[in-house]
Number of protein chains: 2
Amino acid sequence: MMALKKIGSQSMLFPSGAWIRGRGTVVGKKEGSGPLGSCFDIVLQDDMYGEKSWEKAESKMLKDAMMKAVQRAGLEKENIDVMLSGDLLNQLMSSSFMARDMHIPFLGLYGACSTMTESLVLGSILIDGGFAENVLAGASSHFCTAERQFRLPVEHGNQRPPSAQWTATAAGAVVISGQPPGPGIPRIRAEAATIGRVIDAGIKDANQMGAAMAPAAVDTLLNHLQDTGRGIDYYDLVVSGDLGFIGREIVMDLLVDAGLPSAKVRERYDDCGTMLYTKDQDVHSGGSGCGCSASVFAGHLLQRMEQGELKKVLLMSTGAMLSVISPLQGESIPGIAHAISLEVE
Amino acid sequence: MMALKKIGSQSMLFPSGAWIRGRGTVVGKKEGSGPLGSCFDIVLQDDMYGEKSWEKAESKMLKDAMMKAVQRAGLEKENIDVMLSGDLLNQLMSSSFMARDMHIPFLGLYGACSTMTESLVLGSILIDGGFAENVLAGASSHFCTAERQFRLPVEHGNQRPPSAQWTATAAGAVVISGQPPGPGIPRIRAEAATIGRVIDAGIKDANQMGAAMAPAAVDTLLNHLQDTGRGIDYYDLVVSGDLGFIGREIVMDLLVDAGLPSAKVRERYDDCGTMLYTKDQDVHSGGSGCGCSASVFAGHLLQRMEQGELKKVLLMSTGAMLSVISPLQGESIPGIAHAISLEVE
């Protein structure tokens, strides 16, 4: 019997060491023109990325983000034991074809837009438990693949309500390793995680994703803080995945309702979906998609941690687990959020 | 730094103990009329299961299989730390809504029909690594939900070629626990696993799934045997997920080509897709779907292990990672297979 690393009801610790050794990001033209544009490794000039379909473009973005992470870690593809990833496409089309090309043992994940954190949590478990020496964890999304699958043909030019969010054309990946990086390189490690429950607030409007997912983010965060005995100010930044401007406000209200101090919540909490674009980029309530938190985390947040601006970060990607047909069958939108705590040693 | 449990290039050991404590199965009417019918906990008389849609019926089947596993383990729902599952539906509709109703921390997986083994491998990792005390691992499929999503409207009554397989209406689940079962109960443990790579043999015919997945099964099995230093006769039974009659023959040919002794391969290897139905049930090349290996494993194989007929079993569910649109974009069908070794102590 192992020493138990489970803490509280939904959380776990990674005491043995799971270090972020490399990171890679590829984003579309619009994301490259946003406030974080300079953080990303590759900014596309054409969101087709030289491919014949948007789906193939997304798959190539994910592959290139993975390869960039491997390269930055100072490793070769052959050093990676397991690759974990997912995307929004039916049957994980982007990830599956990426995995075929990469030829690395592969575990496909689906957590809607929570997938980047699901990848990071399971990757850290594989490393901390000694089941692998190096893993790749990633996720991707593409505005055009998501729009045509979940909503309407892109060419239709449907008018979007103010609460709608913009699916990020973005891929992010990291190498998690059982060996810390060499001397002189900042040591960032995954330190704890909380696996989320599916929470359904009864919202049926697929243009209100932020509101649909916010209760799941709050549930996961409150359980994380309770399980670990921490306050929100333990973290320099608690960042949800893609709740956007509306969902972020709802989370702050709910956290204050739950008794967290309002000033600290406003100071410490933010959302990747509000960081990726400026409001004048016509994204309405902000960014969404697996690639939103994947690219903001791997491109921007890890960079800030490397530069010493952030020491302790809780990443909490958020997913709306609706299917294309579930609303047609009268179902509301179930939300989920997983959390992973990263710290600079 | 943990003691490394990784062995060889793709495999890992579970030395700390990950015991199968409970199992549950729910199958459709056709599966209940097959040769394994008496093994299953619940056999539906109507594949709608009292619901208003096939998707809701599949979700309910998965939930009931999960609950049956919890009950057989002598546990309560509240004792389960994490639930892992997946299905074939876009956005994991069956699993997502099951997880909403169960209200247990949830990790969604997509490995096409390899999902049951993916669930078991990740569940065993969570337990063996001490990250959880009890987990639920499951998977489901339903003939009618799969047909209408992947192929044609069920009412259309499309003629199927002889190589086509029949998606099982079935759900299977197990409880994996860090504590062995009490005295007098057979102790079955997950002992090792191999995570598969995506292998694409270039097949483009979506009615040739067995042939498309067979090379992935062979790749995973050969790597498993090499990583563990075992011969195929180490196992009483090596069982693939849903290759069906055609895929099973291909696997046997390829294994013999790779130098394994023909008599031992024929004696030790079988496929769940050839076990679930009789040939006169009009299933052509046999069963398929996540629920095929999930129900044959949780209903039939674990029962045989409990009864002492099998001591060492390698379960190797197989998945075809095509999407609904990838063949339309000219892609061939990528296959994947993961393996998990179970033994009676």
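So, how was this worked out
- Residues numbered from 1 in each chain as written.
- Chains lettered and ligands numbered in written order.
- Predicted model: local features only at pLDDT ≥ 70, side-chain atom pairs only at ≥ 80, totals over all residues.
- Helix = DSSP H or I, 4+ residues; strand = E, 2+ residues; numbered from the N terminus.
- Rg over C-alpha atoms; globule rule 2.2 N^0.38 Å.
- Buried ≥ 20, exposed ≤ 12 C-beta atoms within 10 Å, placed from the backbone.
- Contact = placed C-beta atoms within 7 Å.
- Expected span 1.5 Å × (residues − 1).
- Domains from an automatic or database assignment.
- Nonpolar A, V, L, I, M, F, W, Y, C, P; charged D, E, K, R; others polar.
- Pairing = 2+ DSSP bridges.
- Least-squares fit on C-alpha atoms with pLDDT ≥ 70 in both.
- Core = buried A, V, L, I, M, F, W, Y, C linked by C-beta atoms within 7 Å.
- Axes fitted to C-alpha atoms, helices over the stretch in contact; angles between N-to-C directions.
- Left-handed = near helix turned anticlockwise from the far one by under 90°.

What follows is about the overall build of chain A. Secondary structure summary: chain A contains nine helices and 18 strands in total. A compact globule built from 345 residues should have a C-alpha radius of gyration of about 20 Å, and chain A, at 18 Å, falls within 12% of that. With the principal axes as the frame, chain A shows a C-alpha extent of 55 × 50 × 35 Å. Burial analysis of chain A (345 residues in total) assigns 64% to the buried set. In chain A, 79% of the contacts between residues at least 6 apart in sequence involve partners at least 24 apart.

Before going further, it helps to examine helix α4 (residues 115–128) of chain B. Residues and elements named next belong to chain B. Compared with an ideal rise of 1.5 Å per residue, which puts 14 residues at 20 Å, α4 spans 20 Å between its outermost C-alpha atoms and is within 8% of the ideal. Counted residue by residue, α4 has 14 buried out of 14 residues, so it is predominantly covered. G130 occupies a position one or two residues after α4 and carries a positive phi of about 80°.

This part is about the domain arrangement of chain A. It is common to report an interface's size as the accessible area lost on association of the parts. All names here are of chain A. The assigned domain composition of chain A is domain 1 (6–177) and domain 2 (188–344). For domain 1 and domain 2, the distance between their C-alpha centroids amounts to 17 Å. If you look at the interface, domain 1 gives 60 residues, while domain 2 gives 61 residues. Tallying contributions element by element places helix α4 (residues 115–128) first for the side of domain 1 that touches domain 2, with seven residues. Class assignment for the residues of the side of domain 1 that touches domain 2 results in 31 nonpolar, 23 polar and six charged.

Further remarks concern the pairing of strand β7 (residues 134–141) of chain A. For a regular strand, the rule is simple: side chains alternate between the two faces of the sheet. Residues and elements named next belong to chain A. Of all eight residues in β7, eight are buried, a share of seventy percent or more. Both β7 and strand β9 (residues 170–177) contribute to a ladder of eight bridges, which runs antiparallel. Residue pairing for β9: S140 is matched across the bridge by A171.

Okay, the interface of chain A and chain B next. Each side of the interface is counted separately: chain A has 61 residues, and chain B has 61 residues. Of all the elements in the fold, those that place two or more residues in the side of chain A that touches chain B are α2 (54–72), β5 (82–87), α3 (93–102), β6 (106–108), α4 and β17 (334–337) of chain A. Of the residues that constitute the side of chain A that touches chain B, the class distribution is 31 nonpolar, 18 polar and twelve charged.

This brings us to the relation of the copies chain A and chain B. Of the transformation placing chain A onto chain B, the axial shift is 0.0 Å and the rotation is 180°, giving an RMSD of 0.0 Å. The relationship between the two copies is best expressed as a two-fold rotation axis. Looking at chain A, 100% of its interface residues are interface residues in chain B too, so the copies touch through the same face.

Below, the discussion takes up the nonpolar core. Core analysis: the largest hydrophobic core is formed by 240 residues, its most contacted members being M66, M83 and V135 of chain A together with M66, M83 and V135 of chain B. Setting aside chain neighbours within four positions, we find V135 of chain B in contact with I80, D81, V82, M83, L84, G123, L126, I127 and I176 of chain B.

What follows is about the environment of S262 of chain A. Inspection of the secondary structure assignment puts S262 of chain A in helix α8 (residues 262–268). For the pair S262 of chain A and A190 of chain A, spaced 72 residues apart in sequence, the C-alpha separation works out to 27 Å.

This part takes up the sheet that holds strand β17 (residues 334–337) of chain B. Adjacent strands of a sheet pair through backbone hydrogen bonds, lying either parallel or antiparallel. Residue and element names in this part refer to chain B. Taken together, the three strands give an open sheet; going across it, the order is β11-β17-β16, and neighbouring strands pair in antiparallel fashion. The open sheet terminates on both sides in strands that have one partner only, identified here as β11 (199–200) and β16 (318–320). Direction of pairing for β16 relative to β17: antiparallel, over a ladder of three bridges. Within the sheet, the bridge partner assigned to G319 lies in β17 and is I336. Strands β11, β16 and β17 of the sheet are contacted by helix α6 (residues 209–228), whose axis makes an angle of about 45° with β17.

A pair of packed helices is characterised by two quantities: the angle between their axes and the separation of those axes. Residue and element names in this part refer to chain A. Two elements in contact, helix α6 (residues 209–228) and helix α7 (residues 244–257), have axes whose closest approach is 8 Å; the angle formed by their N-to-C orientations is 35°. Classified by chirality, the crossing of α7 by α6 is right-handed. Residue-level contacts link G210, A211, M213, A214, P215, A217 and V218 of α6 to G244, I246, G247, I250, V251, L254 and L255 of α7. In the contact of α6 with α7, the residues fall into eleven nonpolar, three polar and no charged.

Attention now moves to the sheet that holds strand β11 (residues 199–200) of chain A. Reading across the sheet, the three strands line up as β11-β17-β16 (chain A) and stay open at both edges, with antiparallel pairing between neighbours. Looking at the sheet topology across the chains shown, the edges are occupied by β11 and β16 (318–320) of chain A.

What follows deals with unusual backbone geometry. Residue and element names in this part refer to chain B. With phi around 45°, L92 is a residue other than glycine that occupies positive phi space. Inspection of the secondary structure puts L92 in the loop between β5 (82–87) and α3 (93–102). The phi dihedral of D282 is positive, around 65°, even though this residue is not glycine. Inspection of the secondary structure puts D282 in the loop between β13 (269–271) and β14 (287–288).

Residue and element names in this part refer to chain A. Inspection of the secondary structure assignment puts M83 in strand β5. On the basis of neighbour count, M83 is assigned to the buried category, with 28 C-beta atoms found within 10 Å. The sequence separation of M83 and A18 amounts to 65 residues, and the corresponding C-alpha distance is 15 Å. Ignoring any residue separated from it by four or fewer positions in sequence, one finds M83 in contact with M66, A99, M102, I104, P105, F106, V135 and L136.

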